Amino acid sequence: MYDYQEDIHELVRQLRKHRKIGVISHVRPDGDAIGSQVGMCLWLESEGIEYLAHNDDPLPDDIGWIANGVEIRPYSQDELETCEALLFVDGNSPKRFGNHSRFFEEYSGPAYVIDHHPDPASGYSFMVSEPEAASTAELVYWLYDETAPDRITKEVATALYTGIMTDTGSFRFSSVGSHIHRIIADLIDRGRLKIAPIHQKVFDNRELRQLKLISRVLDQIEVYDKHNMASMVVTLDDLESTGCDYNDTEGLISFPLSLSSVDVAIIFIEREGKIKLSLRSKTDFDVNLLARKFQGGGHQKAAGAWYDGTIGEAVSDVMKTAFEMAVKPAS
Ligand code: 5GP
Ligand code: MN
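Residues numbered from 1 in each chain as written. Chains lettered and ligands numbered in written order. Predicted model: local features only at pLDDT ≥ 70, side-chain atom pairs only at ≥ 80, totals over all residues. Heavy atoms only, no water.

1. Topic: the nonpolar core
By size, the foremost hydrophobic cluster in this structure holds 55 residues, and its most contacted members are Leu 11, Met 40, Leu 87, Ile 114 and Leu 187. Apart from the residues lying within four places of it in its own chain, the contact partners of Leu 11 are Leu 87, Tyr 112, Ile 114, Phe 126, Val 128 and Leu 143. In this structure, Val 264, Leu 279, Ala 305 and Ile 311 belong to the second largest nonpolar core, which totals 24 residues. (Core = buried A, V, L, I, M, F, W, Y, C linked by side-chain atoms within 4.5 Å. Buried < 20%, exposed > 50% of the residue type's maximum accessible area, 1.4 Å probe, protein only. Contact = heavy atoms within 4.5 Å.)

Here it is as structure tokens:
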């Protein structure tokens, strides 16, 4: 397993120098973003450090409930200016933080990162950057474990459990070792967690319109047998005619990826003038490298990007690039 202690202790030393810290998670937040953010905010509070939690986007229903008493507010420059330092969670490049990246461009105070994505950007005062970690929430767990394990309350345990569970695909990704299950056991014990309601809130919460969207877009899966890849498109028309919006597309990528013959799945979601790509891999095909060719990024097995153009152009351009990468190692 990776070695985290030195970096965690250095982050703790740095954070303890401040009286008020702005804690920011990435746009279109997921369980790990919010779970880590809540975990860090509650840790700061337990240290007597004031926090201000921000996110550029509204919290999705399946995840928002874990924020519990931590109020995660939209971007506000005035509020951020009252903080002595910033802490970015679950992202390692300013462009992952929406409006916060503009604030950061002009910002000269201390800025910290706790994250598990590869290839971090520079310009931060200190980062805990551990690409071998399955989730950022797991790094936040180590921070508690090293400083104050008895402060793992039910709220903290729920947030960290949800972060780890969602970022590991319910503990099934290759990043999951025995240490993850030990962390989970400790969270369950300390937080007296009941697991079933957490899974129900995260997964069994669909609306009928979302099933209608699934039924519609399943028909549009393309399988490219030669390369063990699949694509799926979601047009504005698909969203409108089912009463859905962009937020309802979360998780759709799991359908093409669940095909036994498919190693790499890419979903193309139409937005005003732009196409959102979500890329997933089940093998050592690196979708982070593919996303980077389109100015996006992420992890080897899960990545995203935005494409400027029509959905047709996006599909042909991105799939062509993916096929080329599958044939020869990416440069
Ligand atoms: P999703 O496909 O769920 O939006 O994102 C999967 C992963 O890819 C996320 O963990 C995130 O790290 C990364 N990701 C998604 N969209 C972008 C993007 O536009 N730029 C970068 N750099 N990473 C992204
Ligand atoms: Mn994460």
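Picking up after the structure, the text goes on.
2. Here's the deal with the coordination of the manganese ion (ligand 2)
Coordination of the manganese ion (ligand 2) by the protein involves Asp 32 (OD), Asp 90 (OD), His 116 (NE2) and Asp 167 (OD), with metal-donor separations of 2.2 to 2.4 Å. Taken in sequence order, the residues that donate to the manganese ion (ligand 2) follow the motif D-x57-D-x25-H-x50-D. You can see Asp 32 sitting in helix H2 (residues 31-46) and its partner His 116 sitting in the loop between strand E5 (111-115) and strand E6 (126-129), a full 84 residues away along the chain. Across the pair, His 116 and Asp 32 agree in class, each one buried. (Donors = N, O, S within 2.8 Å, 3.2 Å for Na, K, Ca; no water. Helix = DSSP H or I, 4+ residues; strand = E, 2+ residues; numbered from the N terminus.)

3. A short note on the site of ligand 1
As a matter of local geometry, ligand 1 sits amid 15 residues, with His 117, Lys 276, Ser 278, Arg 280 and Gly 297 nearest to it. The separation between a nitrogen atom of ligand 1 and a polar side-chain atom of Lys 276 is 3.0 Å. Protein chains shield 84% of the accessible area of ligand 1, which is 490 Å² for the free molecule. Sorting the residues of the shell around ligand 1 by element identifies strand E10 (274-281), strand E11 (297-298) and strand E12 (302-308) as the ones contributing at least two each. The element contributing the most residues to the shell around ligand 1 is E12, with five residues. Partitioned by chemical class, the residues of the shell around ligand 1 number four nonpolar, seven polar and four charged. Mapped onto the domain boundaries, the shell around ligand 1 takes at least three residues apiece from domain 1 (5-202) and domain 2 (208-327). (Near = heavy atom within 4 Å. Polar contact = N/O pair within 3.5 Å; in protein donor to acceptor, adjacent residues only side chain to side chain. Areas by Shrake-Rupley, 256 points an atom, 1.4 Å probe, with all protein chains shown as cover. Nonpolar A, V, L, I, M, F, W, Y, C, P; charged D, E, K, R; others polar. Domains from an automatic or database assignment.)

4. Observations regarding the packing of helix H6 (residues 136-147) against helix H8 (residues 178-191)
Running from N to C, H6 and H8 cross one another at 60 degrees; their axes reach a closest spacing of 11 Å. Between H6 and H8, the crossing angle belongs to the class labelled oblique. Viewed along their axes, H6 and H8 form a crossing whose handedness is left-handed. Contacts from Glu 138, Tyr 141 and Trp 142 in H6 reach His 179, Ile 180, Ile 183, Asp 186 and Leu 187 in H8. Its residues placed into classes, the contact of H6 with H8 shows five nonpolar, one polar and two charged. (Axes fitted to C-alpha atoms, helices over the stretch in contact; angles between N-to-C directions. Parallel < 35°, antiparallel > 145°, perpendicular 65-115°, else oblique. Left-handed = near helix turned anticlockwise from the far one by under 90°.)

5. Focus on the pairing of E10
Where burial is concerned, most of E10 is hidden: six out of the eight residues are buried. Note: strand E9 (residues 264-271) against E10, eight bridges, orientation antiparallel. Note on E10: the bridge partner recorded for Ile 266 is Leu 279. Once E9 ends, the chain turns through two residues before running back antiparallel as E10, passing Gly 273 with a positive phi of about 70 degrees. Where E10 and E12 come together, seven bridges link them in antiparallel fashion. For Leu 277, the partnering residue across the bridge sits in E12 and is Ala 305. (Pairing = 2+ DSSP bridges.)

6. Digging into the domain arrangement of the protein chain
Looking at the protein chain, the domain boundaries give domain 1 (5-202) and domain 2 (208-327). Tallying the contact residues gives seven residues for domain 1 and ten residues for domain 2. Regarding the contact of domain 1 and domain 2, the summed buried area is about 790 Å², with carbon and sulfur atoms giving 39% of it. If you sort the residues of domain 1 by the area they bury against domain 2, Arg 28, Pro 118 and Asp 119 come out on top, with a joint share of 59%. The tally of links between domain 1 and domain 2 comes to two salt bridges. Put simply, Asp 119 and Arg 292 hold a salt bridge, and the shortest N to O gap is 3.6 Å. Summed over the shared surface of domain 1 and domain 2, the result is four residue pairs in polar contact (both at pLDDT 80 or more). (Buried area = accessible area lost by both parts, 1.4 Å probe. Salt bridge = Lys/Arg side-chain N within 4 Å of Asp/Glu carboxyl O.)

7. What to know about the pattern of salt bridges
One pass over the structure, following the stated rule, counts 14 salt bridges. The salt bridge partner of Glu 10 is Arg 13, with a shortest N-O separation of 2.7 Å. Note that Glu 10 and Arg 13 are positioned in helix H1 (residues 5-15) at a spacing of three residues, about one turn of the helix. Note that Glu 84 and Arg 19 form a salt bridge whose closest N and O atoms lie 2.7 Å from each other. Here Glu 84 is found in the loop between helix H4 (77-80) and strand E4 (85-89), whereas its partner Arg 19 is found in the loop between H1 and strand E1 (20-25), with 65 residues between them in sequence.

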